[in-house]
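# Inside the fold
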Amino acid sequence: MFGVKTDYITMVQELAYLRHIPRGSGGLAIDIGCGWGRMSKIFENIGYRAVGFDPDLDLLKFASSRGDGLYCAAALPDIPVRFGSADLAVLQNLLRPLHLVGKLESIRGIGRYMRPGGHVVVVDNIRTGHGDYVSEEVVSGIFAAEGLSLQKRITLRVSRRLTDYLMQLGLVPRRLAAGMAARELERSSRSSGASRWRYSNVMFVFRRA
């Protein structure tokens, strides 16, 4: 049985990366706030040389033990990457945690790490009019100030769907999960805005001029 909701969410998000992120040609991808590295392999699969950064040494130790990426203990605003050297930067589920602890300003300066034409991808939970979530306007404003223009905005998932509860209860066979993930991404991507009564998991793709 496919009973781990996180695995299903990862499946939806990986599919979104495959569909919406420009393919790389061996350039550097920086996964900022990589945690235990659950998304790292996908960046290698789409043509980047990925390095994950996180301040939590225990998480990095586990990530390294999986053997599918390179990891380093560091956090914004100071990561050991040469300015102007990254083709892709990913901030997966990072903005809201920083917002909740009052450290969202640490994102400032990320644009200096990007090559011209490089992309910054933000995936986070968004909800309109709720103080525990970063608004879409704030997300766009932060990265516009870094010289990054919004290229795509895609809703990946919407909370409080029956699918979530079925996954949590272990009622969905693994053989059905891939098809369900593809259908959920297709359905959710038709949504153009965040809701006031539930959060949406949204991907923003920015490009450095």
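Below: a short report on this structure.

Quick notes on the rules
- Residues numbered from 1 in each chain as written.
- Predicted model: local features only at pLDDT ≥ 70, side-chain atom pairs only at ≥ 80, totals over all residues.
- Heavy atoms only, no water.
- Salt bridge = Lys/Arg side-chain N within 4 Å of Asp/Glu carboxyl O.
- Helix = DSSP H or I, 4+ residues; strand = E, 2+ residues; numbered from the N terminus.
- Buried < 20%, exposed > 50% of the residue type's maximum accessible area, 1.4 Å probe, protein only.
- Core = buried A, V, L, I, M, F, W, Y, C linked by side-chain atoms within 4.5 Å.
- Contact = heavy atoms within 4.5 Å.
- 1 Å grid on protein atoms, 1.4 Å probe; cavity = no way out; pocket = protein on both sides within 12 Å on 5 of 7 lines; lining within 4 Å.
- Points joined across faces, edges and corners; volume = space filled by probe spheres on them.
- Nonpolar A, V, L, I, M, F, W, Y, C, P; charged D, E, K, R; others polar.

## Thoughts on the pattern of salt bridges
- Enumeration according to the criterion identifies 6 salt bridges in this entry.
- Among the salt bridges present, the one from Glu186 reaches Arg19, with a minimum N-O distance of 3.9 Å. Separated by 167 residues along the polypeptide, Glu186 in helix α7 (residues 174-188) and Arg19 in helix α1 (residues 5-20) bring together distant segments of the chain.
- Judged by its relative accessible area of 39%, Glu186 falls in the partly exposed class.

## Points about the nonpolar core
- Ile30, Ile79, Leu91, Leu95, Ile107, Val120 and Phe143 are the most contacted members of the largest nonpolar core, which has 31 residues in total.
- Of all elements in the fold, only β1 (28-32), β2 (49-54), β4 (86-92), α4 (95-100), β5 (114-126), α5 (136-144) and β7 (200-208) reach the threshold of two or more residues within this core.
- Considering each element in turn, this core owes the most residues, 4 residues, to β5.
- Other than its neighbours up to four places away in sequence, Ile107 contacts Leu76, Leu91, Leu94, Leu95, Leu98, Ile142 and Phe143.
- Listed in part, the 25 residues of the second largest apolar core include Ile46, Leu156, Ala177 and Ala181.

## A short note on the layout of surface pockets
- There is about 430 Å³ of room inside the largest pocket.
- Lining the largest pocket are 22 residues, and of these Ile32, Gly33, Cys34, Asp54 and Leu94 lie nearest its centre.
- Elements that contribute at least two residues to the lining of the largest pocket include exactly β1, β2 and α4.
- For the second largest pocket, the calculated volume is near 180 Å³.
- If one sorts the elements of the lining of the second largest pocket by residue count, α1 sits on top with 4 residues.
- Taken together, the residues that form the lining of the second largest pocket break down as 4 nonpolar, 3 polar and 7 charged.

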